[in-house]
Amino acid sequence: MTAHQEPRRDPKPMILPFPQPGELVRLAYRELHVAANGTPEEQQALGPHSQLARPWEPSTCADPGLRYEVWEWLEQVVIWLNHEYTWDTHALMPPCWPEHPHLVHEIAVIADQRRRSGLAKTSDALEEWHRYCLPTFVDRMQGRLRARCDDAHAPWPGRPSHSDYTATAQTQHREDLFAGDVDALPKPRSAAKQPPEGPRLGLVDLETGQLMGDAPDEVSPRPRTAKGPHE
């Protein structure tokens, strides 16, 4: 080793791979893929598609094992994003992110979009994720947190206003407004004024085919000739 040579460092990867979800999360994604692309028989075997778990919307993941795997995956995604995509501390996702519902909702979508981009057969989707998805999320996060959780988790500033909004008096006032709007809609004509129409009977002249009345009791006698009714 010469005087100008630096000691060789231990080898390590320059970048880290995107975290992969657990087995139950992958199964949920597989079922969603079948729902979209499977045969009619495969799609029917899944049951109601509206009840399938969607990992990008954690509230749909009702199975406890699946739900826990979603949280574990999102935790790894946050660590990965903070390490791979953040240089300045103002863009770091705070360790208290699970206490911020607005971050939970968005991180789940960010993770799903990054997963799908990585599975694409071209780089187009990943370029879109880099250009739009991640930067706009960071901007929204900074606008909402405003450095409140840089040192420690801060209580929700909007809690007093939210409590006022959901107070009994305010809730009842809104319900009254909703009911008043519905009551102001034009009323449908009553059933008494619109009797259901049944089959209508009429008398037809068998020689000419002319309809002689709406009902037998509405037909008045008409003089006849050998050629039929007078016109």
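The following paragraphs examine the structure supplied in this document. (Residues numbered from 1 in each chain as written. Predicted model: local features only at pLDDT ≥ 70, side-chain atom pairs only at ≥ 80, totals over all residues. Heavy atoms only, no water.)

Another aspect to go through is the nonpolar core. Of all hydrophobic cores here, the largest spans 36 residues; its most connected members are W73, L74, L81, I107 and F137. Counting only elements with at least two residues in this core, the list comes to α1 (23-37), α3 (64-84), α4 (101-119) and α5 (124-145). Tallying contributions element by element places α3 first for this core, with eight residues. (Core = buried A, V, L, I, M, F, W, Y, C linked by side-chain atoms within 4.5 Å. Buried < 20%, exposed > 50% of the residue type's maximum accessible area, 1.4 Å probe, protein only. Helix = DSSP H or I, 4+ residues; strand = E, 2+ residues; numbered from the N terminus.)

We now examine the packing of aromatic side chains. According to the stated counting rule, one finds six aromatic pairs in the structure shown. Arranged with centres 6.4 Å apart and planes meeting at 85°, the rings of Y29 and W73 form a pair that is edge-to-face. Here Y29, found in helix α1, pairs with W73, found in helix α3; they are 44 residues apart in sequence, far enough to count as distant. On the basis of relative accessibility, which here comes to 9%, the residue Y29 falls in the buried class. Three or more aromatic residues joined by ring pairs make a cluster, and in this case those are F18, Y29, W56, W73, W80, Y85 and W129. Sitting over the face of the ring of W129, R114 holds its NZ or CZ atom 5.7 Å from the ring centroid. Lying over the aromatic face of Y165, R174 brings its terminal NZ or CZ to 3.7 Å of the ring centre. (Phe/Tyr/Trp six-rings, centres within 6.5 Å; stacked < 30°, edge-to-face > 60°. Lys NZ or Arg CZ within 6 Å of the ring centre and 35° of its normal.)

Glancing now at the packing of α4 against α5. Helix-helix packing is characterised by the crossing angle of the two axes and by the distance between the axes. Two elements in contact, α4 and α5, have axes separated by 10 Å at closest approach and are oriented at 170°. Comparing their axes, α5 and α4 come out roughly antiparallel. The residues of α5 that touch α4, namely those facing H102, L103, E106, I107, I110, Q113, R114 and S117, are A125, L126, W129, C133, L134, F137, R140, M141, R144 and L145. Taken together, the residues of the contact of α4 with α5 sort by class into 11 nonpolar, three polar and four charged. (Axes fitted to C-alpha atoms, helices over the stretch in contact; angles between N-to-C directions. Parallel < 35°, antiparallel > 145°, perpendicular 65-115°, else oblique. Contact = heavy atoms within 4.5 Å. Nonpolar A, V, L, I, M, F, W, Y, C, P; charged D, E, K, R; others polar.)

Counting through the fold element by element, T86 comes out in the loop between α3 and α4. Overall, the relative accessible area of 17% leaves T86 in the buried class. There is a polar contact of 3.5 Å between the side chain of T86 and the backbone oxygen of L81. In this structure, T86 is in contact with L81, A91 and L92, ignoring residues within four places of it in sequence. (Polar contact = N/O pair within 3.5 Å; in protein donor to acceptor, adjacent residues only side chain to side chain.)

Now for the packing of α3 against α4. Direction vectors running N to C along α3 and α4 enclose 80°, while the axes themselves pass 10 Å from each other. As far as their axial angle goes, α4 and α3 are roughly perpendicular. Judged by residue contacts, W71, W73, L74, V77, V78, W80 and L81 of α3 engage V104, I107, A108, I110, A111, D112, R114 and R115 from α4. Broken down by class, the residue content of the contact of α3 with α4 amounts to 12 nonpolar, no polar and three charged.

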